[in-house]
Structure formats: C-alpha cells, structure tokens
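One-letter residues, chain by chain:
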Amino acid sequence: DPFKIVKPMSRKAALWQNCTNIPVYYSYPKNLPASYVAAIRLAIDSSVGTLRELTGLSLRAQRVPMESPSTQGSILIQWVESSERLDHNDIGNTRMFSIGDPAYITRAVITLPLMILEEFEIGWAAGFGDTVSSVVVHELGHAVGLGHSSERSSIMSTSHQADTYITPVDRVIFAHSGTNPCLEQ
C-alpha cells in the first residue's frame, strides 16, 4: 500500500482541486550572479514540468518580485540568502494552507536557501540524484499534499543522496495528488 510508505502532508490529507491553473510563482534576491539565476530557472522549469507530468495538475511557473506575498490558489517559491527561515536540519521548508471538509489546498509557500545552489549538483533531470531540481521536486511534493516517504531512495525521503529518484510508489502517490475533483463553492 503506497499510502503506508508516503504519508499525507496534513492530517486531513488535503489536495489541490484539479480544475484550475495553479501558478507556481518564484522569487529570488536582486543582483544574483548569472549562474545562480540560470540554475534557479533550470531547477524551477524542470521541476514544475516534472510535477505537472506526475500529477496531471495544470501548473505554470512565473517569476515575481522578491517578498511578493503568497496568493490564494498559488504556490510561491522563495529563494532566500540565508537559512534563518528554516529549521536547523532542513534543506527547504513548505507551508501548506487548506480549508474545507473534505479539505483542499488553497496555497503553499516554499522557502529554499540559495546555499543549495552551491551544495547540490545543478542537474536538468528533476527527481534524480542529489540535485537542486530534486530538492525543488521534493518541496513541490509537499506543496501538493505529500509528506515524507519511508523509502530511503524516494524523492520524498527526508534526505537526498546520489541514488534519490522518483520511485514507483512516488509515481502512484504523485498521480493520486492530482485526482481531487472540483468542489462547489
């Protein structure tokens, strides 16, 4: 049972409603080196594309100014200069907001430190290995309602290694995260 391996992000097992476009906004500080900007864009584009493919959700990436507030119906990825906004051992952090019964996700905010651009490989293959893109896919997994996996090599594991990849169980869980129907408001 894949649901025993990957836990939901919230106790209510909230998911996005799969009936609307979900913008994935991202921001980073001004005056970054061109290599950082290129690495961020590569990680965002490959990760959002991977998530769109895995979930069936209508996701699109768009850059916004730094310190833009998160908005209803969106995912915001904030690249920050220090890890002060993160817990001690976290590489990234995702806050998810949900309402309703059954619950559905209304917005999510992901915080990623720029230091991961130096500590992780800049790879184009989102979801494979110890890459920046794998970290972004992992945090986006939280943003669509997934918790951590007990499989050591899973993209949703609590740590990333050279053998990290999107496992068959991950594929089932990601696909499930895109199945929430529209609810009448």
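Being a predicted model, the structure only gives us computed values, none of them experimental.

Peer 1: Please clarify how the sheet that holds strand 6 (residues 104-113) should be interpreted in this entry.
Peer 2: The strands making up a sheet are joined through hydrogen bonds of the backbone, oriented either antiparallel or parallel. Strand order in the open sheet formed by 5 strands is 3-2-4-6-5, with mixed pairing between adjacent strands. Both outer strands of the open sheet, strand 3 (58-63) and strand 5 (93-99), are each paired with one neighbouring strand and no more. When strand polarity is set aside, the average angle formed by the axes of neighbouring strands in this sheet is 15°. In terms of strand pairing, strand 4 (residues 75-80) meets strand 6 through 6 bridges, oriented parallel. Within the sheet, the bridge partner assigned to Trp-79 lies in strand 6 and is Leu-112. Against the sheet, helix 2 (residues 34-55) touches strand 2 (21-27), strand 3 and strand 4, its axis set at about 170° to strand 3. Running at roughly 150° to strand 6, helix 4 (residues 132-143) makes contact with strand 2, strand 4, strand 5 and strand 6 of the sheet.

Peer 1: Hey, could you run me through the nonpolar core in this one?
Peer 2: Proteins that are soluble and globular tend to have nonpolar side chains buried together. With 45 residues, the main nonpolar core has Ile-40, Ile-75, Ile-77, Trp-79, Val-136 and Leu-140 as its most contacted residues. It is helix 2 that provides the largest number of residues to this core, a total of 9 residues.

Peer 1: How should the layout of surface pockets be read in this particular structure?
Peer 2: In this approach a probe as big as a water molecule rolls over the atoms, and the regions it shows empty are the leftover space. Roughly 180 Å³ of volume is contained in the second largest pocket. Contributing to the lining of the second largest pocket are 11 residues, with Gln-17, Thr-20, Gly-73, Tyr-104 and Ile-105 lying nearest its centre. Ranked by the residues each element gives to the lining of the second largest pocket, the list is headed by strand 6, at 3 residues. The residue makeup of the lining of the second largest pocket, split by class, is 4 nonpolar, 7 polar and no charged.

Peer 1: For this particular structure, what's the right way to read helix 4?
Peer 2: Because each turn of an α-helix spans 3.6 residues, side chains separated by three or four positions end up pointing in the same direction. Compared with the 16 Å implied by 1.5 Å per residue over 12 residues, the 17 Å span of helix 4 between its first and last C-alpha is a close match. Most of helix 4 is tucked away, with 12 of its 12 residues classed as buried. All of the buried residues in helix 4 are Val-132, Ser-133, Ser-134, Val-135, Val-136, Val-137, His-138, Glu-139, Leu-140, Gly-141, His-142 and Ala-143. Gly-145 lies just past helix 4 and shows a positive phi near 110°.

Peer 1: How do you make sense of the pattern of salt bridges when you look at a structure like this?
Peer 2: Think of it this way: side chains of opposite charge can pair up when their charged atoms draw near. Here the structure, examined in full by the defined rule, presents 1 salt bridge. Residue Asp-163 pairs with Arg-152 through a salt bridge whose shortest N-O separation is 2.5 Å. Here Asp-163, found in the loop between strand 7 (146-149) and helix 5 (168-177), pairs with Arg-152, found in the loop between strand 7 and helix 5; they are 11 residues apart in sequence, far enough to count as distant. Under the relative-accessibility criterion, Asp-163 is labelled partly exposed at 33%. The class for Arg-152 is partly exposed, based on a relative accessible area of 48%.

Peer 1: Help me understand the pairing of strand 4 in this model?
Peer 2: Two faces belong to every sheet, and in a regular strand the side chains alternate between them. Within strand 4, 6 of the 6 residues are buried, which leaves it mostly tucked inside the rest of the structure. Burial along strand 4 is two-sided: Ile-75, Ile-77 and Trp-79 facing one way and Leu-76, Gln-78 and Val-80 facing the other are all buried. In the sheet, strand 2 pairs with strand 4 via 4 bridges, with the strands oriented parallel. What sits directly across from Tyr-25, in strand 4, is Leu-76.

Rules behind the numbers
- Residues numbered from 1 in each chain as written.
- Predicted model: local features only at pLDDT ≥ 70, side-chain atom pairs only at ≥ 80, totals over all residues.
- Heavy atoms only, no water.
- Pairing = 2+ DSSP bridges.
- Helix = DSSP H or I, 4+ residues; strand = E, 2+ residues; numbered from the N terminus.
- Axes fitted to C-alpha atoms, helices over the stretch in contact; angles between N-to-C directions.
- Contact = heavy atoms within 4.5 Å.
- Core = buried A, V, L, I, M, F, W, Y, C linked by side-chain atoms within 4.5 Å.
- Buried < 20%, exposed > 50% of the residue type's maximum accessible area, 1.4 Å probe, protein only.
- 1 Å grid on protein atoms, 1.4 Å probe; cavity = no way out; pocket = protein on both sides within 12 Å on 5 of 7 lines; lining within 4 Å.
- Points joined across faces, edges and corners; volume = space filled by probe spheres on them.
- Nonpolar A, V, L, I, M, F, W, Y, C, P; charged D, E, K, R; others polar.
- Expected span 1.5 Å × (residues − 1).
- Salt bridge = Lys/Arg side-chain N within 4 Å of Asp/Glu carboxyl O.

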